[in-house]
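# A structural walkthrough
The lines below spell out each chain.
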Amino acid sequence: MALREPVQLRVDVTPRGPFRLPRAVGRDGATRRLGGVLERLLHDDDGEPVVVRIAQPAPDRVLFGARAPSTAAAEHGIARMRFALGVDDDLTPFLRRFARDPLIGRSLSRRPWLRVGRRPEPFEALVWAVCEQLIEYERAAAIERRLLRGLGRRWAEEEQWGRGLCDLPAPRALAGAAPALLQSFDLAGSRAIALVKAAREVASGRVQLRGREPERGWRRLRAIAGLGAWTVEMLALRGQGRYDQLPAGDLGLLKLGGRLLSGGDPRARAQEHEVRALFAPYGEWAGLAATHAMGLHGMGA
């Protein structure tokens, strides 16, 4: 029986405000950049694969192309990548309000297009947050690449667009993984157990990552040993679009806070409550403000 020809969908988007397609992609291996085009394999809620390509031919024009077995899957892939890139987010109120801010005003003037580095799916943000707990990013990215190779999903039938791309495992697949297997990827034993438990919560529907009341899911995740405030705040900021969430326990923010509060001592470390106080004036924009501050001081972004 002949395979059905994949559906191709193209959407031309005008960004809401200054926007630049990221030049760099993470080292986890999930997203690929070829020339000026980003490529990503995703799966919709029914498990159908979709490959999405994104290019920016002009400052006010971003092209999204998708190839999938169905129109619904193609639309899903484009919607999730639009979210990941923040192309539809209107940051004008933030840019105007803090244009003269002593901490981030200079960054807003230089890089008004800067966005939080989001993940297309909230489950991906959760999984990667667990992998990145309390270790250097290089080691975390290596763990993430091993997880993708060992458990990730591919679209074997698609040769034109999907060759070499890999998506994260579905929540149900990760929920059924043995913690020992995750440990073989260099994930610490306690975090391997926590990750499996978190995946079970999502797979069972007890935690709704795209629900209208994410706080309920955050509370259930926080009840899992090994999942603290930082993990849930990274999920919220990078996977659920919550600019108000600040991962105050992040090592980079602790270093930044220490440097600012000590008058420039590069060895100083702030306490988590001090980081929260530092970014409290930014309110609903605290997470985005931290992204600008980190980039301005050479600590990320």
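Above this text is the structure in question.
The structure contained in this document is the topic of the report that follows. (Residues numbered from 1 in each chain as written. Predicted model: local features only at pLDDT ≥ 70, side-chain atom pairs only at ≥ 80, totals over all residues. Heavy atoms only, no water.)

### Focus: the overall build of the protein
- Of the regular secondary structure elements, the protein holds 13 helices and five strands.
- Taken over C-alpha atoms, the radius of gyration comes to 19 Å for the protein, in line with the 19 Å a tight globule of 301 residues would show.
- Counting only C-alpha atoms, the protein reaches 70 × 50 × 35 Å along its principal axes.
- Taken over 301 residues, the protein has a buried fraction of 51%. (Helix = DSSP H or I, 4+ residues; strand = E, 2+ residues; numbered from the N terminus. Rg over C-alpha atoms; globule rule 2.2 N^0.38 Å. Buried < 20%, exposed > 50% of the residue type's maximum accessible area, 1.4 Å probe, protein only.)

### Section: the packing of aromatic side chains
- For the structure shown, the criterion picks out five aromatic pairs.
- A centroid spacing of 5.0 Å and a plane angle of 55 degrees characterise the contact between phenylalanine 98 and tyrosine 282, whose relative ring orientation is tilted. Of this pair, phenylalanine 98 sits in the loop between α2 (92-97) and α3 (105-110) while tyrosine 282 sits in the loop between α12 (272-279) and α13 (286-296), placing them 184 residues apart in sequence. Like tyrosine 282, phenylalanine 98 is buried. (Phe/Tyr/Trp six-rings, centres within 6.5 Å; stacked < 30°, edge-to-face > 60°.)

### Here we look at the nonpolar core
- Membership of the largest hydrophobic core comes to 37 residues, with the highest contact counts inside it found for Phe123, Val127, Leu147, Leu174, Leu182, Leu195 and Leu221.
- Breaking this core down by element, the ones donating at least two residues are α4 (122-131), α5 (137-151), α6 (171-175), α8 (189-203), α9 (214-222) and α10 (229-239).
- Setting aside its immediate chain neighbours within four residues, phenylalanine 123 contacts Pro169, Ala170, Pro171, Leu174, Ala199, Val202 and Leu209.
- Formed by 26 residues, the second largest nonpolar core is a distinct cluster that contains Phe98, Ile104, Leu108 and Trp285. (Core = buried A, V, L, I, M, F, W, Y, C linked by side-chain atoms within 4.5 Å. Contact = heavy atoms within 4.5 Å.)

### A word on the packing of α9 against α10
- For the pair α9 and α10, the least separation of the axes is 10 Å and the interaxial angle reads 150 degrees. The angle between α9 and α10 places the two elements in the roughly antiparallel class. Between α9 and α10 lies a crossing whose hand is right-handed. Every residue of α10 that contacts α9 at Trp218, Leu221 and Arg222 is listed here: Ala229, Val232, Leu235 and Ala236. (Axes fitted to C-alpha atoms, helices over the stretch in contact; angles between N-to-C directions. Parallel < 35°, antiparallel > 145°, perpendicular 65-115°, else oblique. Left-handed = near helix turned anticlockwise from the far one by under 90°.)

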